Amino acid sequence: MLNDFYKQFKSGTDIRGVAVEGVEGEPLNMTDEAVEAMTAGFVTWLCEKVNKKPTALTVSVGRDSRISGERIAHTVTSTLCDFGVRVLNCGYASTPSMFMTTVELGCDGAVQITASHHPFNRNGLKFFTRGGGLEGRDIDTILLNAQNEIYPEMSECGSIEDIDYMSKYAKNLCEQIKREVNAENYDKPLEGFKICVDAGNGVGGFYADMVLKELGADTNGSRYLEPDGMFPNHVPNPESPVAMKAISEAVIEAGADLGVIFDTDVDRGAVVDSKGNEINRNRLVALASAIALENTKGGTIVTDSITSDGLKAFIEEDLGGKHYRYRRGYKNVIDKAVELNAQGIECPLAIETSGHAAMKENYFLDDGAYLCTKIIIKAAQLRREGKDISDLIANLKEAKEEKEIRIKITDPEFRACGEKVIADLLAFAEKEEGWTVADDNREGVRVSFAECDGDGWFLLRLSVHDPIMPLNIESNSTGGVQIIEEKIMNFLKTAKGLDL
């Protein structure tokens, strides 16, 4: 079993910790020694995974813009080299591009140094093989290897080579846009387009210069393209209202046709239309579904559990697809889509409302730049018809009100406590008049109410990683959220181990 020290680093399918001192209550734990141990544990795991000795391995290493990134990258690359690994040091890189090094450069594994949208003082390690991102059990093994010092023998055969893979990655996106837009001016398919990019001072700034501008687009009005690991302007997170407000304002001020925003490491993205309307969360799922189902009629779209009733109706009634709600956690959604395809159920897209979107045509890799590229291609095609991307989701019915409440679990055995609350709520809901338990729910308890009883739904679930029970509520009527909240709170007041 993992001891308390190494257990603190596990974050689902990633490793994360505190990499910079100075924030009260958050002592540094991603020390050089800890990073060395976890990197060595990864080498042991990777050798077993691909059945090679360390001296036969090639591993790429990249990082986002965090201020601790350079230090950690140096530790990771030098540790890999000490075991005889051939290291390709990619410098600033997006997380999806690091996976692509296993496809295009033949790397046996890849390490991305990132903590996604988390604060500047945090950082982490994300691993890939040619099969994709790792599972939670793989992270357990790597951490156990580190804890128990299960390392390969050291070797003097290792090497470190600096490479610029991001240019190749960007060129691939350019070629895709040229090919799929197939404009009269083939090499400048985005000529006449004005597109603003907000990289949030992460590593997504390349998209403005190396992709859009290269293809003829006017990117004046773009913001925060330069990497700055202190994130001085706003949190780089498409779920953040502040971040989305910034890109909306940029589009309106510049008179742009489209706006694109990424998180720190570009595995998530979102867009805004020419009027500055946000297309994220359910809207983004709807837009991505419309694009994905064009070539997969009747296909299945896998989403996380908190998607709206309006989205389900849009996918199934307007697009003619099937909607499969699954558990929160982008890896859960992706794994389910892969599983369904293996069963012969055609599934072109796995997408979470957070902005993680993975398409079958792109290795089921959650790639914000790829998603936005597909949207831009569609925008260019629609422009020939005098249409805008918003026209694709015009029939999406959206809730009038929505709310999320994150309820803390005070019981030390938080998972058992949360599971009991869920079981008790399910039993209660099935007996309560006017409460309709969803028949397609696969996480927590989802209950719908008629127009006279709140005109909407709630979902109570247990957080994937934390002692939290998120409660999501949506209503199609003004005041409906309060009505539904009162109903569920009357039950929760009887539950033990919750801080209400």
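Conventions we followed
- Residues numbered from 1 in each chain as written.
- Predicted model: local features only at pLDDT ≥ 70, side-chain atom pairs only at ≥ 80, totals over all residues.
- Heavy atoms only, no water.
- Helix = DSSP H or I, 4+ residues; strand = E, 2+ residues; numbered from the N terminus.
- Rg over C-alpha atoms; globule rule 2.2 N^0.38 Å.
- Buried < 20%, exposed > 50% of the residue type's maximum accessible area, 1.4 Å probe, protein only.
- Areas by Shrake-Rupley, 256 points an atom, 1.4 Å probe, with all protein chains shown as cover.
- Lys, Arg positive; Asp, Glu negative; His and termini not counted.
- Charge placed at Lys NZ, Arg CZ, Asp CG, Glu CD.
- Core = buried A, V, L, I, M, F, W, Y, C linked by side-chain atoms within 4.5 Å.
- Contact = heavy atoms within 4.5 Å.
- Pairing = 2+ DSSP bridges.
- Axes fitted to C-alpha atoms, helices over the stretch in contact; angles between N-to-C directions.
- Salt bridge = Lys/Arg side-chain N within 4 Å of Asp/Glu carboxyl O.
- Expected span 1.5 Å × (residues − 1).
- Arc of directions from axis to C-beta.

**With respect to the overall build of the chain**
So, point 1. A tally of helices and strands in the chain yields 14 helices and 23 strands.
So, point 2. Scaling as 2.2 N^0.38, a compact globule of 500 residues should have a C-alpha radius of gyration of about 23 Å, and the chain matches this with 23 Å.
So, point 3. Each principal axis of the C-alpha atoms in the chain carries an extent, and together these give about 75 × 60 × 50 Å.
So, point 4. In the chain, which comprises 500 residues, the proportion classed as buried is 57%.
So, point 5. Carbon and sulfur atoms make up 46% of the accessible area of the chain, which totals about 20,900 Å².
So, point 6. Side-chain charges in the chain split into 55 positive and 81 negative, and the spacing between the mean points of these groups amounts to 3 Å.

**Side note on the nonpolar core**
So, point 1. By size, the foremost hydrophobic cluster in this structure holds 75 residues, and its most contacted members are Leu190, Phe206, Tyr207, Val211, Leu212 and Ile389.
So, point 2. Ranked by residue count, the leading element in this core is helix H12 (residues 368-383), at 10 residues.
So, point 3. Apart from residues lying up to four places away in sequence, Val211 is in contact with Ala170, Leu173, Cys174, Ile177 and Phe206.
So, point 4. Judged by nonpolar contacts, the second largest core, of 35 residues, contains Leu46, Val59, Val87 and Leu134.

**So, the sheet that holds strand E16 (residues 357-359)**
So, point 1. Read from one edge of the open sheet, five strands run E14-E13-E15-E16-E17, paired in mixed fashion. Edge positions in the open sheet fall to strand E14 (322-325) and strand E17 (365-366), since each of these has one partner strand only.
So, point 2. Inspection of the sheet shows strand E13 (residues 300-303) paired to E14 by four bridges, in the parallel sense. Counterpart to Ile301 in the pairing with E14 is His323.
So, point 3. Contacting E13, strand E15 (349-351) and E16, helix H9 (residues 281-292) crosses the sheet at an angle of about 175 degrees to E15.
So, point 4. Against the sheet, helix H11 (residues 330-342) makes contact with E13, E14, E15, E16 and E17, and its axis sits at roughly 155 degrees relative to E13, the strand it touches most.

**Quick word on the pattern of salt bridges**
So, point 1. This model, assessed by the stated rule, comprises 38 salt bridges.
So, point 2. The partner of Lys387 in a salt bridge is Glu385, with the nearest N and O atoms 3.6 Å apart.
So, point 3. You can call Glu385 exposed: its relative accessible area is 52%.
So, point 4. Between Asp453 and Lys487 there is a salt bridge; the shortest N-O distance is 3.8 Å. With Asp453 in the loop between strand E20 (445-449) and strand E21 (456-460) and Lys487 in helix H14 (residues 480-492), this residue pair connects regions lying 34 residues apart in the sequence.
So, point 5. For Asp453, a relative accessible area of 23% translates into the label partly exposed.

**With respect to helix H3 (residues 69-82)**
So, point 1. For H3, with 14 residues, the first-to-last C-alpha span of 20 Å sits near the 20 Å given by 1.5 Å per residue.
So, point 2. For H3, the complete set of buried residues consists of Gly69, Ile72, Ala73, Thr75, Val76, Thr77, Thr79, Leu80 and Cys81.
So, point 3. Structurally, H3 contributes buried residues whose contacts are with helix H2 (32-50), strand E3 (58-63), strand E4 (86-92), strand E5 (109-113), strand E6 (122-129) and strand E8 (159-162).

**Observations concerning H14**
So, point 1. For H14, spanning 13 residues, the distance from its first C-alpha to its last is 19 Å, which sits close to the expected 18 Å at 1.5 Å a residue.
So, point 2. Inspection of H14 places Gly480, Val481, Ile484, Glu485, Ile488, Met489, Phe491 and Leu492 among the buried residues, and these make up the whole buried set. The arc that holds every buried residue of H14, seen down its axis, measures 155 degrees, which confines them to one face. Turned more than 90 degrees from where H14 packs its buried face, Gln482 and Asn490 sit exposed.
So, point 3. For H14, the secondary structure elements touched by its buried residues are strand E18 (401-409), helix H13 (414-431), E20, E21, strand E22 (468-475) and strand E23 (498-499).

Remember, this is a structural readout, not a statement about activity or role.
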